[in-house]
Amino acid sequence: MTELFRNLPAVDTLAQAAQALLADPTLPHALVVEAARATLAEARQHIAQGGSAPSPSALAQATAARAWQAAQPSLQPVINATGVIIHTNLGRAPLSTAAMAAMQAIGTGYANLEYELESGTRGSRYQHLTTLLCRLTGAESALVVNNNAAAIYLALNALATNREVLISRGQAVEIGGGFRIPDVLRQSGATLVEVGTTNRTYMRDYAAAIGERTALLLRVHTSNFRLAGFVHETALADMASVAHQHGLLLLDDLGSGTLLPTAPYGLAAEPTVPESISAGADLVTFSGDKLLGGPQAGLIVGRAALVSQLRSHPLARALRVDKTTLAGLEATLLAYLYGRALEEIPVWRMISAPPEELYARATRLVAQLGAAAEVVPCESAIGGGALPGQTQPSFAVALSGPATALAQRLRLGKPPVVGRIAHNHLLLDMRTVLAEQEATLVASIVAAQQSLGTTRPEHYTSTTTLNNREEHYDE
Ligand SMILES: *Cc1c(COP(=O)(O)O)cnc(C)c1O
């Protein structure tokens, strides 16, 4: 064994051999040396366990592969074939071409981020989107922060520290990833006062809970779950009238928020931002990267005096957004202003895609895959905490072959493809596959199926409706 250990190459020798194998001569040598050390440690362990010594060329190859892997970017573009449009784990909203162009233009140079061009004096980064957001939502003023969680945190810190916040018991929810409304309240120094019961909360419950220390009423869109059956939540306009009668504020956390109605696409009506403003909410918060279809951001719209209070709060700086986010968001909002959101914003293109179009796309893909795939009906979901339990009819490419193994091969492909398994088949839902990704997707499927050996098609049969509503509650 000592002999085997002694015969292993020195770190530098191995690193040099590996560097010679690498196609990219610019790969940092330090990475190759590190990879050589790790490969040798592995070889010693293998020998210590009674194994044989790997050949020098095997060691060099393992080192080169390890070094190359270490230099690859961790973040990769992925083809989303899950049918979940706002997939939090896959990066939520894909950005529009216009948003990306604006981010590129602003990000690669300098910009008037905090600069008044007319006077040549210092300006505010907050002014850029205010007019546009007000026009689109009907609000008096607006503020953009890092995300909706930050928006809620800032609002509660600025308006409710050391005071009470009334919230319906049914709305004291966990949004996902451990983000719980009661915890955020506690962190901001506010006291949560639960109102009503889990399933029913009335106007009179809010009125009865108002006391000396009450700062505001908070409505939280329950986003990722649905109360059904014997339920009642107080309408926002009624909450506003209770709040305002007592000289209090109404804060509405819309979660996703939307500027366009969802009902025309066979979905329940997701509350829109203008509806919340006109119902009397003093501040409304929502995400930039959910149904709005833009970059990650938290949007706060509402009464001018409150927005300016939030802007001057010390936390605002810690939660502010950078110039590229503002640029992407502005371009996204402009699509709404011009009435081009359905065509321009990927999230809305997907929501509004008619099933016939998805069928045609699935058919086109299957034609290229031959007997290895077939078109099947399925149901896609919105995700992102919008419209829980709601699905839209769609079409998927069902692949023949062992579903779990195929799913893994596709996930590990370049680019990775993520589908979903139903009835022992891997389904690739066309609703969330971008049109320009189709050719790549075909190539990935062919590669994955070939790497597993061609299998005889087993026909996909299903007696129940397929949907993915159970899987994507964590937002
Ligand atoms: C998604 C969501 C949040 C968190 O928004 P982020 O933009 O992810 O920070 C907060 N509240 C509700 C109701 C949500 O749906």
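1. Examining the site of the ligand
Inference 1: Among the 13 residues in the neighbourhood of the ligand, the closest are listed as A149, S223, D253, S287 and K290.
Inference 2: In the model, an oxygen atom of the ligand is placed 3.0 Å from a nitrogen or oxygen of the N148 main chain.
Inference 3: Contact with the protein chains removes 95% of the 390 Å² of surface that the ligand exposes when unbound.
Inference 4: Contributing elements (two or more residues each) for the shell around the ligand: α7 (148-160) and β11 (249-255).
Inference 5: With three residues, α7 is the largest single contributor of residues to the shell around the ligand.

2. Quick word on the packing of aromatic side chains
Inference 1: Within this structure, the stated rule accounts for two aromatic pairs.
Inference 2: With a centroid separation of 5.0 Å and 75 degrees between ring planes, the pair formed by Y359 and F395 is classed as edge-to-face. With Y359 in helix α17 (residues 355-369) and F395 in strand β15 (residues 391-399), the pair connects residues that are 36 residues apart, well separated along the chain.
Inference 3: A relative accessible area of 42% places Y359 in the partly exposed class.
Inference 4: The aromatic ring of Y338 is capped on one face by R340, whose charged end is 4.5 Å from the ring centroid.

3. So, the environment of R204
Inference 1: Structurally, R204 can be placed in helix α9 (residues 203-209).
Inference 2: Accessibility expressed as a relative area gives 58% for R204, which makes it exposed.
Inference 3: On a C-alpha basis, the gap between R204 and T234 in space is 9.3 Å, while along the polypeptide they are 30 residues apart.

4. With respect to the sheet that holds strand β6 (residues 164-168)
Inference 1: Strand order in this open sheet of seven strands is β5-β13-β12-β11-β10-β6-β9, and the pairing throughout is mixed. The open sheet is flanked by β5 (141-145) and β9 (191-195), the only strands paired with a single partner. Each neighbouring strand pair of the sheet contributes to a mean axis angle of 25 degrees, computed without reference to strand direction.
Inference 2: For strand β10 (residues 214-220) and β11, the ladder comprises five bridges, and the chain directions are parallel. Bridge pairing in β11 links L217 to L250.

5. Re the nonpolar core
Inference 1: L217, V301, L333, V347 and I382 are the most contacted members of the largest nonpolar core, which has 53 residues in total.
Inference 2: Structurally, this core is a two-domain feature, drawing no fewer than three residues from each of domain 2 (75-94 + 346-475) and domain 3 (97-344).
Inference 3: Counting 34 residues, the second largest nonpolar core, distinct from the first, contains A151, I175, V184 and I300.

6. Considerations on the packing of helix α3 (residues 29-48) against helix α4 (residues 56-70)
Inference 1: Two elements in contact, α3 and α4, have axes whose closest approach is 8 Å; the angle formed by their N-to-C orientations is 130 degrees. Classified by the angle their axes make, α3 and α4 are oblique. For the pair α3 and α4, the sense of crossing is right-handed. Contact residues: α3 offers L31, V32, A35, A36, A38, T39, E42 and A43, while α4 offers L59, A62, T63, R66, A67 and A70.

7. Let's talk about unusual backbone geometry
Inference 1: Residue P415 is bonded to the preceding K414 through a cis peptide linkage, with omega at -5 degrees.
Inference 2: Here P415 lies in the loop between α18 (403-411) and β16 (417-418).
Inference 3: Although it is not a glycine, N162 adopts a positive phi angle of roughly 65 degrees.
Inference 4: Position of N162 among the secondary structure elements: in the loop between α7 and β6.
Inference 5: When its relative accessible area of 59% is taken as the criterion, N162 is described as exposed.
Inference 6: Here N424, not a glycine, exhibits a phi torsion of approximately 65 degrees, which is positive.
Inference 7: Relative to the elements of secondary structure, N424 occurs in the loop between β17 (420-422) and β18 (425-429).

8. A short note on the side chain of N157
Inference 1: Locating N157 in the fold gives a position in helix α7.
Inference 2: Given a relative accessible area of 16%, N157 falls into the buried group.
Inference 3: Other than its neighbours up to four places away in sequence, N157 contacts S188, H313 and L315.

Criteria and cut-off values
Residues numbered from 1 in each chain as written. Predicted model: local features only at pLDDT ≥ 70, side-chain atom pairs only at ≥ 80, totals over all residues. Heavy atoms only, no water. Near = heavy atom within 4 Å. Polar contact = N/O pair within 3.5 Å; in protein donor to acceptor, adjacent residues only side chain to side chain. Areas by Shrake-Rupley, 256 points an atom, 1.4 Å probe, with all protein chains shown as cover. Helix = DSSP H or I, 4+ residues; strand = E, 2+ residues; numbered from the N terminus. Phe/Tyr/Trp six-rings, centres within 6.5 Å; stacked < 30°, edge-to-face > 60°. Buried < 20%, exposed > 50% of the residue type's maximum accessible area, 1.4 Å probe, protein only. Lys NZ or Arg CZ within 6 Å of the ring centre and 35° of its normal. Pairing = 2+ DSSP bridges. Axes fitted to C-alpha atoms, helices over the stretch in contact; angles between N-to-C directions. Core = buried A, V, L, I, M, F, W, Y, C linked by side-chain atoms within 4.5 Å. Domains from an automatic or database assignment. Parallel < 35°, antiparallel > 145°, perpendicular 65-115°, else oblique. Left-handed = near helix turned anticlockwise from the far one by under 90°. Contact = heavy atoms within 4.5 Å.

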